[in-house]
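A look at the structure
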Amino acid sequence: MICGVNRQPVPGTTIFDGEQAQRGYALNKMTFSFNDAVNRQAFLADEDAYCAKFGLDPEQREAVRKRDVLALIAAGGNVYYLAKLAGIFGLDMQDIGAQQTGVTKAEFQARLQDAAG
Amino acid sequence: MAQIVGAITTSHVPAIGRAMAKGLEQDAYWKPFFDGFPPVRDWLAEVLPDVAIVIYNDHGLNFFLDKMPTFAVGAASEYRNADEGWGIPTVPAFRGDPALSWHLIESLIADDFDLTTCQEMLVDHAFTLPLALCWPDHRWPVRTVPVCINTVQSPLPSAKRCYRLGQAIGRAVASWHSDDKVLIVGTGGLSHQLDGTRAGFINKPFDLEFMDSMTRDPTWATQYSTAELIERAGTQGIELLNWLVARGALPRSARKLHSNYHIPISNTASGLMLLAA
């Protein structure tokens, strides 16, 4: 049961719950819009205007500016929606994994291989 | 009466779609994953199911956080996928089966499962890729009914609830007045985590025990809360809920015909099982 003081019981993990879903609504709504190529182009053409249109708060805007995945998650971003933002920059899930864990992509890939035992 | 012939449970990582589009199935990285599928295709060619009920989770193509159903059932005559934002190719549309969809809806709601019904519904890679792995020529020989489970926004349905939903789907099919052979497909997993400083988490011992439990003790995973499952399988490994729904739809005596497990594809431990009812 996720409740009260134990709302985030797994270390290194932000479970995307109601609090995160409220916190990140504008950010996730923007990244959801990237399902359409025309919206991806609009973002690339004028990132400030596109973020303003969705009402991102300063923390969310800064996290987008820095392409900082941990900050985006802290600001309520859900990784499935953030993947659509990452896709604009040609980043895949291993790029994102490496960035969040502070290692190179090659090191991150080696860790995954190591899990095979 | 309609009859469930079996279930296929498989990972649905988007990179599978990219690999298929580029013809990388025999590439050294991908071969251990794709080599799991010929026995599944042989079985399908022998059994020839008429319709597939596909249990999956949407990743922000059809559903946004404005409305997030716990359980949603498609009731359309056709389902299409679309650009998901990062450029995997789309596939031909899937035929629906509105009559079976509405029978499922009637039966499941009578069985106390409160559903969202969808007469228009886009289906994402979690629906399309497993079917493309079964039928790589994209000539879908089955009608389809999508059943979408919320594995995105907590609170998620419990493992126990998901298993019971599967049992209710099994009862619904058993009372469907047709001669249809019904395939159950459960997609997602196995252990992986995309987000946070724990990104890259994979848990081979848990995955192997889970796969073993599918025949030895099908309700084994229902002892865990969703938070406990996230701890063991990762934030996205929780997609194993879709496997539990699929398993629940089969009789307890279902037997394993084939399985495959490989680490990694993308950030994921990939699992595949073929169960005969």
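So, a few notes on the structure that sits alongside this text. Note on numbering: residues in each chain are counted from 1, in written sequence order. Chain letters start at A and ligand numbers start at 1, both assigned in the order the entries are written. Reporting in this predicted model follows two pLDDT cut-offs: at least 70 for local features of residues, and 80 or more for side-chain atom pairs to be given and counted; totals over whole chains, interfaces and linings ignore these cut-offs and use all residues. Computation of side-chain values covers all heavy atoms of the structure but excludes hydrogens and water.

1. A closer look at the overall build of chain B
Looking only at helices and strands, chain B has nine helices and ten strands in total. Computed over its C-alpha atoms, the radius of gyration of chain B comes to 17 Å, within 12% of the 19 Å expected for a compact globule of 277 residues. Projecting the C-alpha coordinates of chain B onto the three principal axes gives extents of approximately 45 × 40 × 40 Å. Per-residue burial over chain B gives 65% buried out of 277 residues. Two residues form a contact once any of their heavy atoms are found within 4.5 Å. By sequence separation, contacts in chain B at least 24 residues apart represent 81% of the contacts at least 6 residues apart. With residues, only the protein chains shown are counted as cover, and all accessible areas are computed by Shrake-Rupley using a 1.4 Å probe. Counting only carbon and sulfur atoms, one obtains 48% of the accessible surface of chain B, whose full area is about 9,600 Å². Helix and strand assignments come from DSSP, with helices taken as H or I runs of at least 4 residues and strands as E runs of at least 2, each series counted from the N terminus. Radius of gyration means the value over C-alpha atoms here, while the globule rule gives 2.2 Å times the residue count to the 0.38 power. Using a 1.4 Å probe on the protein chains alone, a residue whose accessible area is under 20% of its type maximum counts as buried, one over 50% counts as exposed, and one in between counts as partly exposed.

2. Side note on the packing of aromatic side chains
Aromatic rings in a pair are described by how distant their centres are and how their planes are angled relative to each other. Only rings of Phe, Tyr and Trp enter the pairing, Trp through its six-membered ring, and a pair is recorded when the two centres are within 6.5 Å. The plane angle decides the type: under 30 degrees is stacked, over 60 is edge-to-face, the rest tilted. In this structure the tally under the stated criterion is 24 aromatic pairs over all chains. Ring geometry for B:Tyr29 against B:Trp30: centres 5.4 Å apart, planes inclined by 75°, an arrangement best described as edge-to-face. Residue B:Tyr29 is classed as partly exposed on the basis of its relative accessible area, which comes to 32%. Clustering of aromatic rings is evident, with ring pairs tying together A:Phe34, A:Phe43, A:Tyr50, A:Phe54 and A:Phe89. A cation over an aromatic ring shows up here: B:Arg198 above the ring of B:Phe201, its NZ or CZ 3.8 Å from the ring centre. Any Lys NZ or Arg CZ found within 6 Å of a ring centre and within 35 degrees of that ring's normal is scored as a charge over the ring.

3. Structural notes on the sheet that holds strand S1 (residues 3-10) of chain B
Each strand in a sheet pairs with another by means of backbone hydrogen bonds, the pair being arranged parallel or else antiparallel. Residues and elements named next belong to chain B. For two strands to be treated as a pair, DSSP must find no fewer than two bridges joining them. Taken together, eight strands build an open sheet; the order of strands is S6-S3-S7-S2-S8-S1-S10-S9 and the sheet is mixed. Single-partner strands in this sheet number two, and they are strand S6 (116-118) and strand S9 (255-265). On average, adjacent strands in this sheet sit at an angle of 15° to one another, irrespective of strand direction. Where S1 and strand S10 (residues 268-276) come together, five bridges link them in antiparallel fashion. Bridge pairing in S10 links Gly 6 to Ala 276. Between N-to-C directions, angles span 0 to 180 degrees; the directions come from axes that are lines fitted to C-alpha atoms, helices contributing only their stretch in contact.

4. As for the packing of helix H6 (residues 159-174) of chain B against helix H9 (residues 240-249) of chain B
Residue and element names in this part refer to chain B. Interaxial distance between H6 and H9 falls to 6 Å at its minimum, and their mutual angle equals 35°. Classified by chirality, the crossing of H9 by H6 is right-handed. Facing H6, whose interface residues are Ala 159, Cys 162, Tyr 163, Leu 165, Gly 166, Gln 167, Ile 169 and Gly 170, H9 presents Leu 241, Leu 244, Val 245, Arg 247, Gly 248 and Ala 249. Its residues assigned to classes, the contact of H6 with H9 shows nine nonpolar, four polar and one charged. Each crossing gets its handedness from the near helix: less than a right angle anticlockwise from the far helix is left-handed, clockwise is right-handed. In this classification, the charged set is Asp, Glu, Lys and Arg, the nonpolar set is Ala, Val, Leu, Ile, Met, Phe, Trp, Tyr, Cys and Pro, and all remaining amino acids, among them Gly, are polar.

5. Structural notes on the nonpolar core
Residues and elements named next belong to chain B. Residues grouped as a nonpolar core are buried Ala, Val, Leu, Ile, Met, Phe, Trp, Tyr and Cys residues, joined through side-chain atoms within 4.5 Å. Within the largest apolar cluster, 64 residues are counted, with the highest numbers of intra-cluster contacts made by Ile 53, Ile 55, Leu 108, Ile 169, Ile 184 and Phe 210. The greatest single-element share of this core, amounting to eight residues, is contributed by H6. Setting aside its immediate chain neighbours within four residues, Ile 169 contacts Ile 53, Ile 55, Leu 104, Leu 108, Ile 184, Val 245 and Ala 249. The next biggest cluster of nonpolar side chains, apart from the first, holds 43 residues, and it includes Val 5, Val 40, Val 123 and Leu 129.

6. Notes on the pattern of salt bridges
Residue and element names in this part refer to chain A. The term salt bridge refers to a side-chain nitrogen of Lys or Arg lying within 4 Å of a carboxyl oxygen of Asp or Glu. Across all of its chains, the model carries 19 salt bridges over all chains by this definition. Salt-bridge contacts for Arg 61 lead to Glu 47; the nearest nitrogen and oxygen are separated by 3.2 Å. Here the residue Arg 61 occupies a position in helix H5 (residues 58-66), and Glu 47 occupies one in helix H4 (residues 47-53), the gap between them amounting to 14 residues. The shortest N-O distance in the salt bridge between Arg 67 and Glu 47 comes to 2.8 Å. Taken together, the residues span a long stretch of sequence, with Arg 67 in the loop between H5 and helix H6 (69-74) and Glu 47 in helix H4 at a distance of 20 residues. We classify Arg 67 as partly exposed; its relative accessible area is 28%. With relative accessibility at 17%, the residue Glu 47 sits in the buried group. Several salt bridges share partner residues, and in doing so they unite Glu 47, Asp 48, Arg 61, Glu 62, Arg 65, Lys 66 and Arg 67 into one network.

7. Considering the pairing of strand S7 (residues 143-149) of chain B
Residue and element names in this part refer to chain B. Counting buried residues in S7 gives six out of seven residues, a clear majority hidden from the surface. Looking at chain direction, strand S2 (residues 51-56) and S7 are connected through six bridges and run parallel. Residue pairing in the sheet places Ile 53 in a bridge with Val 145 of S7.

8. Some words on the side chain of B:Ser270
All names here are of chain B. Turning to its location among the elements, Ser 270 is positioned in strand S10. Judged by its relative accessible area of 2%, Ser 270 is buried. If near-sequence neighbours (up to four positions away) are discounted, Ser 270 is found in contact with Ser 11, Phe 33, Asn 260, Tyr 261, His 262 and Ile 265.

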